[in-house]
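Descriptive analysis of the structure
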Amino acid sequence: MIEIEAPDGSIIEFPDGTDDATIDQVMRDNFASQPAPVAAPYEAPPVIATTPDGGKVYRMSDGSLSFSSPGMSTNDQAAIAQIMKGATPAEASLYGSVDTGGGLGSAARSAFQGLTFGAGDEIVAAGSSLFGPNSYETELARERARLDRGRDERPISSAASEIVGALTLPVGMASQAGSLPARMAKSAGVTGALSGAYGFLAGEGGAKERANDAIGAGGLGAIIGAGIPALGSMAQKGMDRYAASRAARQIARNAPSTEELKAAGRAAYKAIDDAGVVVKPGEFSGVVSALVDDMKAGGMRQGVGRELAPKSAALADTLTDVATDPRLQGGVPFSEIDTLRKIAGAPASDLANPLESALGSTAIGGLDDFITNLRPDQVVAGNADELPKMLQTARDIWGKMKRSQMIDDAIENSQNYLSGGSSGIKNQFARILRNPRLARSFSESEKTMMRRVVNGSAPERILNLFSGGIGQLATILGGAQTAGAVGGLAGAGIAAGSRRAAEALSMRNAEVVRALIANGGLPDVPRLGSQVSPLIEALMQRGTAASLPR
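This is a predicted model, so every value here is computed, not measured.

A few words on the layout of surface pockets. Here the idea is plain: a probe the size of a water molecule rolls over the atoms and shows the empty space left. Taken as a whole, the second largest pocket encloses approximately 1200 Å³ of empty space. For the second largest pocket, the lining is made up of 30 residues, of which Arg-341, Arg-395, Trp-398, Gly-399 and Lys-402 are closest to its centre. When residues of the lining of the second largest pocket are traced back to their parent elements, those giving at least two are helix H11 (258-275), helix H14 (334-348), helix H15 (354-372), helix H16 (387-414) and helix H18 (436-439). Tallying contributions element by element places H16 first for the lining of the second largest pocket, with 10 residues. Partitioning the lining of the second largest pocket into residue classes produces 10 nonpolar, 9 polar and 11 charged.

The next point concerns the nonpolar core. Phe-284, Ile-337, Phe-370 and Leu-374 are the most contacted members of the largest nonpolar core, which has 41 residues in total. Counting only elements with at least two residues in this core, the list comes to H11, helix H12 (281-297), helix H13 (310-323), H14, H15 and H16. If we skip the residues at most four places from it in the chain, Ile-337 touches Val-279, Phe-284, Val-332, Leu-367, Phe-370 and Ile-371. Counting 18 residues, the second-largest nonpolar core is a separate cluster that includes Ile-432, Met-450, Val-512 and Val-513.

The end-to-end C-alpha separation of H11 is 26 Å, in line with the 26 Å expected for 18 residues at 1.5 Å each. For H11, every residue scored as buried is listed here: Thr-258, Leu-261, Lys-262, Gly-265, Ala-268, Tyr-269 and Ile-272. Viewed end-on, H11 has its buried residues packed into an arc of 125°, placing them on one side of the element. In H11, the exposed residues that point more than 90 degrees away from the buried face are Glu-259, Arg-266 and Asp-274. Of the residues flanking the end of H11, it is Gly-276, one or two places downstream, whose phi is positive at about 65°.

As a further point, take the confidence of the model for the chain. For the chain, the mean per-residue pLDDT works out to 75, and 73% of the residues sit at or above 70. Segment residues 169-175: pLDDT under 50, and 17 contacts once partners within four positions in sequence are set aside and those in other chains are kept.

Cut-offs and rules
- Residues numbered from 1 in each chain as written.
- Predicted model: local features only at pLDDT ≥ 70, side-chain atom pairs only at ≥ 80, totals over all residues.
- Heavy atoms only, no water.
- 1 Å grid on protein atoms, 1.4 Å probe; cavity = no way out; pocket = protein on both sides within 12 Å on 5 of 7 lines; lining within 4 Å.
- Points joined across faces, edges and corners; volume = space filled by probe spheres on them.
- Helix = DSSP H or I, 4+ residues; strand = E, 2+ residues; numbered from the N terminus.
- Nonpolar A, V, L, I, M, F, W, Y, C, P; charged D, E, K, R; others polar.
- Core = buried A, V, L, I, M, F, W, Y, C linked by side-chain atoms within 4.5 Å.
- Buried < 20%, exposed > 50% of the residue type's maximum accessible area, 1.4 Å probe, protein only.
- Contact = heavy atoms within 4.5 Å.
- Expected span 1.5 Å × (residues − 1).
- Arc of directions from axis to C-beta.
- pLDDT = per-residue confidence, 0-100.

Right, here's the structure in full:
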């Protein structure tokens, strides 16, 4: 049969062999007066999210998602999920393309991450880039994509594997004695008894032979067990540090950039300007008069002796000029007062002249006290109650921006060091800490974080040892002596890889410091409970007993 679709959508059947003219005539006779069906207008799928580069995430009619941007289009649901979490299209594409190795691969990767206290991705990337065609940065991005995808696909098993990797021990439980000597004695007894039992049951021969095995294993287990409490305490501290480091890295991923802080600070100051607070001239004149008197009492001279603190003397003149300016008799805008505070920062930051610094700080303190305690009856216009809170917010944001910018500059300048980026970052941070004017901008907790970068972690110190001049030479010569030219080349590769890994760790730590500063400080990290250390001790006791030679 020949099937022809009619204008109304129905199917008309003709016998095989019917000529075209006949079919055409029949169709015209029966359907010429019927209008062709009008297609329904096209409705674009709804947009449920957009990206900064102009990309759009659509929800299709079947419930799936689709993404389209000027540089990328994909229907990969995993990649789109990453884009909606904030990943760039390039990061999402990499996330969607990597192979995690299934459940076993994800578990092994997470366990190694825990075992190395978070540095496993850098170690894998350094090794892959050393023996493969890709750069360290490319391999690091791929390894992190594998980690992230494994955690997303198998959150429970990945988390459990990472914890097990950090512990590196089987599961068990133990009670805890009080002092360290008491715990050592108890651990020696427990480990010796367990080792003796293992030695007896695993031994061969009769009771006498098994007893000898038990005595030997028990004695060795007791010796080792005496040192387990100290190791348990060290392990707990290590896990606490790892938890703090992990929390810091999580905050670092979401911290605002310096440019974002700058934009937020400008917006906060604009909000203050828009509030239109204007102080009564008489109130401001009284504050200025009291401030100048305080500065004079502190050692400032406006005539003879002006040279002792010329910046502060000029500041006092400016304060008086503004307070008596006839153009401001209708009121002193807050912006004028804030400008005066910034001018006072010049003598306040002159640490080379203690008198200038003290007088400038006096002026800043007096102006801050006046604004903080500003009353509604002291203003001509604007909301005096809201101004102190708005001002504190603006100054906090601007202060974080200035400190974040200082760290950004230090990271950028570190790339100019011939000795490498790791050495450059340490020297740049040390320069800030040694400079009183720069260091005073940072809180004690922030300076403590910077000192940790300068001193370096244990993995960094080991990598620097291999990548330094003497360490590099020793690695090359040792490889050459062991395996000739091939060994020498391998030693050179190890030294180069160590240098790149050390630089990557230093860079990551510096970026974490910047991010924590931009975020407002260190997070509150929950510490492990008091039962963790005895648990670790019990695990080590059982592991020792089971692994001793028989």
